[in-house]
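Each chain, written out:
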Protein chains: 4
Amino acid sequence: MTKDTIRIIVAGPRGRMGSEALQLIDRTAHFELVAAIDRKNGGKRISDIDGLPASDAVIYEDAAVCLDEVQADVLIDLTIPETGYKHMRLAIEHGVRPVVGTSGFTEEQVGELEKLSEEKGIGAIIAPNFAIGAVLMMQFAKQAAKYFPTVEIIEKHHDQKLDAPSGTAVKTAQLIQEVREPARQGHPDEKETMPGARGADVDGMRIHSVRLPGLVAHQEVIFGAPGEQFTVKHDSFNRASFMSGVELAVDRVMKMEVLAYGLENILE
Amino acid sequence: MTKDTIRIIVAGPRGRMGSEALQLIDRTAHFELVAAIDRKNGGKRISDIDGLPASDAVIYEDAAVCLDEVQADVLIDLTIPETGYKHMRLAIEHGVRPVVGTSGFTEEQVGELEKLSEEKGIGAIIAPNFAIGAVLMMQFAKQAAKYFPTVEIIEKHHDQKLDAPSGTAVKTAQLIQEVREPARQGHPDEKETMPGARGADVDGMRIHSVRLPGLVAHQEVIFGAPGEQFTVKHDSFNRASFMSGVELAVDRVMKMEVLAYGLENILE
Amino acid sequence: MTKDTIRIIVAGPRGRMGSEALQLIDRTAHFELVAAIDRKNGGKRISDIDGLPASDAVIYEDAAVCLDEVQADVLIDLTIPETGYKHMRLAIEHGVRPVVGTSGFTEEQVGELEKLSEEKGIGAIIAPNFAIGAVLMMQFAKQAAKYFPTVEIIEKHHDQKLDAPSGTAVKTAQLIQEVREPARQGHPDEKETMPGARGADVDGMRIHSVRLPGLVAHQEVIFGAPGEQFTVKHDSFNRASFMSGVELAVDRVMKMEVLAYGLENILE
Amino acid sequence: MTKDTIRIIVAGPRGRMGSEALQLIDRTAHFELVAAIDRKNGGKRISDIDGLPASDAVIYEDAAVCLDEVQADVLIDLTIPETGYKHMRLAIEHGVRPVVGTSGFTEEQVGELEKLSEEKGIGAIIAPNFAIGAVLMMQFAKQAAKYFPTVEIIEKHHDQKLDAPSGTAVKTAQLIQEVREPARQGHPDEKETMPGARGADVDGMRIHSVRLPGLVAHQEVIFGAPGEQFTVKHDSFNRASFMSGVELAVDRVMKMEVLAYGLENILE
């Protein structure tokens, strides 16, 4: 079965994620790049920009003009939150389904967009994380925690990362908290002979953050029970890992008439 | 909230799994051992048998007599298929909910038991595998394969195991087959310079069986996609790993009025 | 080539390690159990004690008498430090090579034993850890740290363990310290948003201690460098893991005329 | 202690490995790029070539002229075997120490170069693999196999790889063969219900090759013994992993007066 072609506008085509999206469109038979929105290069073609694919799609600096002039089905926005919010409103108003990658919207903004999306009957997706593997890891971890409430998280990243634990580890712990009763793990009389050995404490669960040169982004969630160990693990080696989620979101948003927040809500 | 006490009969109390079940009952506050069914030792008490817990529960050699004389809620049967089948019928007929660990029933037998269970409105559970971790691994693998169709399975066991691949690996592959289109993995021109290097082939998926002294029972299901790797893994260190599944089954069967086949069908 | 039979006395035959040693001797063709030293059961035979192998070897309560009366080559001592020290002196004086498993001797005691061993020309081995895998892990970690100075240790144990980090993790870090310049790892501006996330700090290296039910004793030493990750890992599933080290020590001590402290010093 | 500056010529500066070498030199305080040898671009400067570092070093098309005109200590050659062989001879004759990355020389060629190196008293290094992690993995695997003769190798690569098993896996198995007696592993009555499940057979050892999109180059060598598992593992995420070996080789070759074949022979 041939899939119908989906006409796509990309906002932020020169960004690291945006340029990956252009490549995704380039290699996906039923995706077609019809325009791009960029802060500069207005009037040029994508193929005029060094390092971007050979596409005739025209670059617009004004999102409203772009959406007025170009017939499109989906807007992929991989810019910054403020821009993304404006683009998303504009897209829905123009009947173009937005797929936006950001964790930077306020609750109020998400509420407004939800309302607008429902009024217009135009599907929309906001995803803080497009890596399907990361999303599955978090979903499965939450599900497993119902049966295995004793759990520790080990996340490993390159040593240029500033925060520990990682946002994904914190998010995973929060999801597990929804189904797990707080309980201090380890022996009641356990002693840290070196402070920090037992990691960060979240309701008695433990999170450990490894930082080493060479690593990229890795996390494992380990559940222990008498006689067994259950592990869910995700390794992200490069940004290409986000593109399977973008592809899925573009296909799904075409069949949606409301807004979905989080990739987990469009997985079957 | 205090849970109501569940009165339990154990069939096969001296077997390796049966004796683990006695210990499970012993350490679970709302479980009570009320009798046991054994080929021998009729009339003795559990505490009379070397290595079994200090329980006054009486041993019966005749299952029908046991079920007639003893007030029970659940029968845990960890014997062999023929005996298990008879016990299961008898239990349902006596209004006692059976929890049976076996993969040895014919489809016909399962059908008959399903019918009987429904007629009597008595819940029943047949589980080929009581290790919740193993069951979750298989369920998650099937779910992940919808998004990541490129997958290989590595299973590792002690070197006394006769068959390769393991039953769990084969079962996992079958579940993945339900959601994955057959597709040959690896490079189209791939060459094995040593036969067997690429493992066993199931619709293009690959299974690898490691056998080493010291190991117990381990499996990981590895999914690959551009830029990422997703893994679900289960390690079973000893038979205690089956007991969390038995405990769950006993609690769940009390609220059921039909038969469930497979632990996966009683997980939420 | 048939190996010459080695005649062995075991001190502490009913202990957890001692009974494993009896089984080791039982299954090793060129090992022969000639006597045992125990606090009680003097005059009985090993086969008289429940759970021990079918051996005619006689049990002595007095170590000196045992060593006087029985022709032996090696004494395996798996008792407590005070007893072990006395037995070790007695053995060397009787020309019997001692293999002793303990980390409890003072430096002074080790010094005295070293001197005695050298005077008599009788080989002797004291091993704080008989698991060859654990010893190799530590040796290799030290060696790798010469080339990869950026390293973190993750150790995982059952949740009944009282101390964190484990003794093996601390020992590993100490060995690495011998070849690694102190250096703070991670980004200079790194922040723990949850205290403890980055683990325990040893000269800038990090140690993480996981405690979960079901686990036994596991450690991995992870080295990171641009573009690569190098890992040495040891999993101990049960006490049988110590016996390959005992076997090696018994064979090696027969060819030694001085004392060796630590299994690493008898590995080639 | 400040290290003396080492003056380096790079042959093959535009190749994938060569351009990594330029970056290595650029970021290493005591390394200085003094010239490059290339098939084209003669007379240009490195900084004239797109994507290469900002260096004034001049490019020569003729290696002999380059070595005549430029004062250098080391030649890093990352070209093809034929060219590498010529460059290596020329370098030694000019008193410049060559560091060459190739597995493509014949035994005869290596013999000639060894002789020449010795005659001139000029150190030289030929390395089939510059990834220190991979070399350590192989060395440690060989060492561990003395104590743990039961071993399986799992190597994982991206699915564009043509051959299975990988060259590194085959090399690792060969090194283990040097210290391990051939012995069929697994149960004597073991049966493959699906052919290939047990992997490739090397003297009874087993090798398993996983191929998945997203992966790069990974290998683990797993040893099993009663009650324990010992693992050495290497993950290569990108070509940067080769540069720590090149750096080490450049430093070591300065102190050598003969040829060394294989990075393992310059590790301490």
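Residues numbered from 1 in each chain as written. Chains lettered and ligands numbered in written order. Predicted model: local features only at pLDDT ≥ 70, side-chain atom pairs only at ≥ 80, totals over all residues. Heavy atoms only, no water.

The next thing to look at is the overall build of chain A. Scanning chain A from terminus to terminus reveals seven helices and 14 strands. Dimensions of chain A, computed from the C-alpha atoms along their principal axes, are close to 70 × 40 × 40 Å. Residues classed as buried in chain A amount to 59% of the 268 residues present. Partitioning the intrachain contacts of chain A with sequence separation of at least 6 by distance along the chain shows that 68% fall at a separation of at least 24. Here chain A displays about 11,100 Å² of accessible surface, and carbon together with sulfur accounts for 46% of that area. Of the side chains in chain A, 29 bear a positive and 41 a negative charge, and the two mean positions are spaced by 3 Å. (Helix = DSSP H or I, 4+ residues; strand = E, 2+ residues; numbered from the N terminus. Buried < 20%, exposed > 50% of the residue type's maximum accessible area, 1.4 Å probe, protein only. Contact = heavy atoms within 4.5 Å. Areas by Shrake-Rupley, 256 points an atom, 1.4 Å probe, with all protein chains shown as cover. Lys, Arg positive; Asp, Glu negative; His and termini not counted. Charge placed at Lys NZ, Arg CZ, Asp CG, Glu CD.)

Residue and element names in this part refer to chain A. A cluster of acidic side chains, namely Glu-61, Asp-62, Asp-68 and Glu-69, defines a negative patch on the protein surface. Among the secondary structure elements, Asp-68 is positioned in helix 2 (residues 63–69). Classification of Asp-68 by relative accessible area gives exposed; the value is 58%. (Patch = residues over 30% accessible without salt bridge, like charges linked within 9 Å, V, L, I, M, F, W, Y side chains within 5 Å. Salt bridge = Lys/Arg side-chain N within 4 Å of Asp/Glu carboxyl O.)

So, on to the relation of the copies chain D and chain C. When chain D is fitted to chain C, the best match, at an RMSD of 0.0 Å, comes from turning it 180° and sliding it 0.0 Å along the axis. Taken together, the rotation angle and the small translation identify this as a two-fold axis. If distances are taken from each C-alpha of chain D to the rotation axis, the shortest is found for Val232(D), at 2.4 Å. (Least-squares fit on C-alpha atoms with pLDDT ≥ 70 in both.)

The next subject is the relation of the copies chain A and chain C. For the pair chain A and chain C, the best superposition has an RMSD of 0.1 Å and corresponds to a rotation of 180° with a translation of 0.0 Å parallel to the axis. When the interface residues of chain A are mapped onto chain C, 100% of them are again interface residues, pointing to one common binding face.

Residue and element names in this part refer to chain A. When the domains of chain A are assigned, the result is domain 1 (6–126 + 240–265) and domain 2 (132–236). Centre-to-centre separation of domain 1 and domain 2, based on C-alpha positions: 33 Å. Each partner contributes residues to the interface: domain 1 has six residues there, and domain 2 has five residues. Here domain 1 and domain 2 share an interface that buries about 450 Å² over both sides, 62% of which is from carbon and sulfur atoms. Three residues stand out in domain 1 for area buried against domain 2, namely Ser-241, Leu-263 and Glu-264, and they jointly supply 77% of the buried area on that side. The interface formed by domain 1 and domain 2 contains zero salt bridges. (Domains from an automatic or database assignment. Buried area = accessible area lost by both parts, 1.4 Å probe.)

On to the packing of helix 5 (residues 132–145) of chain B against helix 6 (residues 167–177) of chain B. Residue and element names in this part refer to chain B. Between helix 5 and helix 6, whose axes approach to 8 Å, the crossing angle comes to 30°. In this structure, helix 5 meets helix 6 at a crossing whose hand is right-handed. Facing Met-137, Met-138, Gln-139, Ala-141, Lys-142 and Ala-145 of helix 5, the residues of helix 6 in contact are Thr-168, Lys-171, Thr-172, Leu-175 and Ile-176. Within the contact of helix 5 with helix 6, the residues separate by chemical class into six nonpolar, three polar and two charged. (Axes fitted to C-alpha atoms, helices over the stretch in contact; angles between N-to-C directions. Left-handed = near helix turned anticlockwise from the far one by under 90°. Nonpolar A, V, L, I, M, F, W, Y, C, P; charged D, E, K, R; others polar.)

Another aspect to go through is the interface of chain A and chain C. Taken together, the contacts link 46 residues of chain A with 46 residues of chain C. Roughly 3,400 Å² is buried in total at the junction of chain A and chain C, and carbon and sulfur atoms are behind 65% of that figure. On the chain A side of the interface with chain C, the three residues burying the most area are Leu162(A), Met194(A) and Leu212(A), jointly 16% of the side's total. The interface formed by chain A and chain C includes zero salt bridges. In this structure, the connection of chain A to chain C is made through 16 residue pairs in polar contact (both at pLDDT 80 or more). Of all elements in the fold, only strand 7 (151–157), strand 8 (163–164), strand 9 (191–192), strand 10 (200–202), strand 11 (205–211), strand 12 (217–225) and strand 13 (228–236) of chain A reach the threshold of two or more residues within the side of chain A that touches chain C. Residue contributions to the side of chain A that touches chain C peak at five residues, all from strand 11 of chain A. Of the residues assigned to the side of chain A that touches chain C, the class counts are 20 nonpolar, 14 polar and 12 charged. Of the strand pairs in this sheet, strand 8 of chain A and strand 9 (residues 191–192) of chain C are connected by two bridges, and their pairing is parallel. Paired with Asp163(A) across the bridge in strand 9 of chain C is Lys191(C). (Polar contact = N/O pair within 3.5 Å; in protein donor to acceptor, adjacent residues only side chain to side chain. Pairing = 2+ DSSP bridges.)

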